Amino acid sequence: MSDHSSAMAPAPGAEARLFLAIERFPALTLYLKFALKAFQKQLAYKFEYFVGVANGLLFIFIFTSLWKNIFDTSKAAADISFSRQGMISYAVFAMIIRISMSQDDLGVMGKVRSGQIALDMIKPYNFFGATLAENIGGTMFHWFTRAMPILAVCMIFTSVTMPRDPVNYLLLILAWTLGYLIYFMVNFLFALLAFWIVETFSFQLMKYGMFTLFSGGIIPLDFFPDMVRPIVAWIPFMSVLYVPTAVFIGHLQGAQAAGFILFQAGWVVALGICCALTWRAARKKLIIQGG
Amino acid sequence: MSEKSLIQARRLRREFTVAEGRAGLLGSIKSLFSSKSSVIHAVDDISFSIESGEFVGYVGENGAGKSTTIKMLTGILTPTSGQAMVDGIVPYEERVKNAFNIGVVFGQRSQLWWDLPVSDSFDLLRAIYRIPGQNYSANLAELSSWLELGPLMKMPVRKLSLGQRMRCDLAAALLHAPKVMFLDEPTIGLDIIAKDNVRRFLKKINQERGVTIILTTHDMDDIEALCNRIIIIDKGKIAWDGDTGRLKDEHMKGKILEVEFHGDDPGQVALPGLSPFKREASKQWLRYSGDGGAGLNEVISALFANYCVKDLSIHAPKVADVVKAIYRQGEGRGEVGP
């Protein structure tokens, strides 16, 4: 059993006591600790945090205003599958889900470029698992400290209401988790590009562009023209924000929702295989920058 | 080569394919479509074995292949051919298993979490290496007293000075009580006192804990103070491998006399038993090898009798001088055998 009582050992905090119970599962403990430390790390940057919250609110204000105007002035809006109120809900929740999914997508790339990845390679853990755990820790921080307060502000100052049916929440958890994993693995794959290409900035830019346009964060899948919609639907980005948002507000229901969630699960498997293969190839390619 | 050696390298080779960049915008566009590449032999047929408890200096110029060798022994890199073995494990095949046996310190990088207090990084390492509670506390208490970590434990790593950070990094690498420790330039950028502290600590863990240490450094004083064996690597090949004392005996026996003269430059000193080593204004460094039969006292008497000596000091040759000589020989005539 653990003994934290030595004078030199860290003081037995609540966290240490929490882990006493799961000390018998070292791997689980490790990844939980990774997540907790990442959470804690975020606390070091208070200014960043407040800017982040302000930024989120600003974007919500901009997009809800924009959609209100579009619905009030455009005749074409009547043909669209969203109601005025539904669209505002979509815009608010898509932005909140986007904030809740914030990930450190440049961390791995930075490690590869700086050679710091050597320090991960000399440790007895799985790099993918450790990176994911750290990311989850950071994301949990965003959930509780950014997404939640912003949601509370929106509940007070906008006409948006939370769904009543618990099924919506269940679907959200499922779709959010799968979307999160998809987003994480896409980021991971793009980061691994740094093994082959020294300057990956243009690829990152391309990824951001595609994410902004095709994730459903701004424009839901429904609004794409008939010709491109099937293509956009197939891009994994749609699974990241559109599916969780649409199932939560009840825009996607029943069999339709189930279909999209299955599709997400398919992408998780496919991307998981891609990550494993790419990581294996990257290990062979590994040249530590800077000696 | 003994089968039981703790660390073995057998005919290790590692090649890198490096794409050649072209200068200018046009060159960059051209290299988008056709890439010229060349093969670099970073490590070229290296064999050695290291026994448990040794303190080995692994020395070479920049780009000689030191880091590449260390990366193969730590499991980061896979060799192009040949084999490495650390405590019965092939590091690049069983990276995770090997990681439990080794501790690594890179002088230029920190393995501590930048934004977290030192104690949190240690706590995380404890989970990473699955160190049982009692072992951890006892080990940390000892390391902490040796390295005087007490006041640093609650500080975020980014606020530590380089010397403080290095002390914490050394402890971090030893928390799981590894058998082998790889140190890559651990004293780089440290002031004299911090360097001395690091050296004393390394000596202690080598002697008291029996940790086998492989040290790469450009600081020959590190080697001189610590290593009982030195492996010199030059252009990917081993240029010298053996006892540190023997290195001096074979390559630079005897003493160096540093002589300062009164008045005018007397010209190059020519006395039996002394050979010129270096000359600078009114100072001359002369090498006494003891081969000619004349004793050091006779040579010095002759020096005082024949020249106006203002000051004289006698030095033992430094490892740095010997290593420099070996590098230079390597440039001139290929390899230098032990």
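The coordinates are above.
Residues numbered from 1 in each chain as written. Chains lettered and ligands numbered in written order. Predicted model: local features only at pLDDT ≥ 70, side-chain atom pairs only at ≥ 80, totals over all residues.

**Student:** Sorry if this is basic, but what is going on with the sheet that holds strand E12 (residues 283-288) of chain B here?
**Tutor:** Residue and element names in this part refer to chain B. The strand order across the open sheet formed by 4 strands is E11-E12-E10-E13, and the pairing between neighbours is antiparallel. Bordering the open sheet on either side are strand E11 (274-280) and strand E13 (309-315), each of which pairs with just one other strand. Put simply, the sheet's adjacent strands are angled 25 degrees from each other on average, direction ignored. In this structure, strand E10 (residues 255-261) lies alongside E12, joined through 6 bridges in antiparallel fashion. Note that in E12 the partner of Ile256 across the bridge is Arg287. (Pairing = 2+ DSSP bridges. Helix = DSSP H or I, 4+ residues; strand = E, 2+ residues; numbered from the N terminus. Axes fitted to C-alpha atoms, helices over the stretch in contact; angles between N-to-C directions.)

**Student:** Help me out: how do you make sense of the environment of Ser159 of chain A in this one?
**Tutor:** All names here are of chain A. Relative to the helices and strands, Ser159 resides in the loop between helix H7 (127-157) and helix H8 (166-192). The exposure class assigned to Ser159 is partly exposed, which follows from the 13 C-beta atoms found within 10 Å. Along the backbone, Ser159 and Ile88 are 71 residues apart, and their C-alpha atoms lie at a distance of 8.4 Å. Aside from chain neighbours lying at most four places away, what touches Ser159 is Gln85 and Ile88. (Buried ≥ 20, exposed ≤ 12 C-beta atoms within 10 Å, placed from the backbone. Contact = placed C-beta atoms within 7 Å.)

**Student:** So what exactly am I meant to see when it comes to the sheet that holds strand E6 (residues 180-184) of chain B here?
**Tutor:** Strands pair in a sheet through their backbones, by hydrogen bonds, and they do so in one of two ways: parallel or antiparallel. All names here are of chain B. A sheet is described by the order of its strands in space; here 6 strands give the open sequence E5-E6-E7-E3-E8-E9, paired in mixed fashion. Edge positions in the sheet fall to strand E5 (102-106) and strand E9 (237-243), since each has one partner strand and no second. Averaged over all pairs of adjacent strands, the angle between strand axes in this sheet comes to 15 degrees, irrespective of strand direction. Where strand E3 (residues 55-59) meets strand E8 (residues 229-234), 4 bridges bridge the pair, whose relative direction is parallel. Across the sheet, Val56 pairs through a bridge with Arg229, a residue of E8. Helix-sheet contacts for helix H6 (residues 162-174) involve E5 and E6, and the interaxial angle to E5 is about 160 degrees.

**Student:** Sorry if this is basic, but what is going on with the interface of chain B and chain A here?
**Tutor:** Bring the parts together and some accessible area is lost; that lost area is often taken as the interface size. Listed per partner, the contact involves 33 residues of chain B and 28 residues of chain A. Elements supplying a minimum of two residues to the side of chain B that touches chain A: helix H2 (66-73), helix H3 (95-101), E5, helix H4 (118-128) and helix H5 (133-147) of chain B. A class-by-class count of the residues in the side of chain B that touches chain A yields 16 nonpolar, 10 polar and 7 charged. (Nonpolar A, V, L, I, M, F, W, Y, C, P; charged D, E, K, R; others polar.)

**Student:** How should the packing of helix H4 (residues 84-100) of chain A against H7 of chain A be read in this particular structure?
**Tutor:** Two quantities define a packed helix pair, namely the angle between the axes and the distance from one axis to the other. Residue and element names in this part refer to chain A. It is the contact of H4 with H7, at a shortest axis distance of 8 Å, that shows an interaxial angle of 155 degrees. By the angle class used here, H4 and H7 are roughly antiparallel. As H4 packs across H7, the resulting crossing turns out to be right-handed. Seen from H4, the contacting residues are Val92, Ile96, Ile99 and Ser100; seen from H7, they are Thr139, His142, Trp143, Arg146, Ala147, Ile150, Leu151 and Cys154. Taken together, the residues of the contact of H4 with H7 sort by class into 8 nonpolar, 3 polar and 1 charged. (Parallel < 35°, antiparallel > 145°, perpendicular 65-115°, else oblique. Left-handed = near helix turned anticlockwise from the far one by under 90°.)

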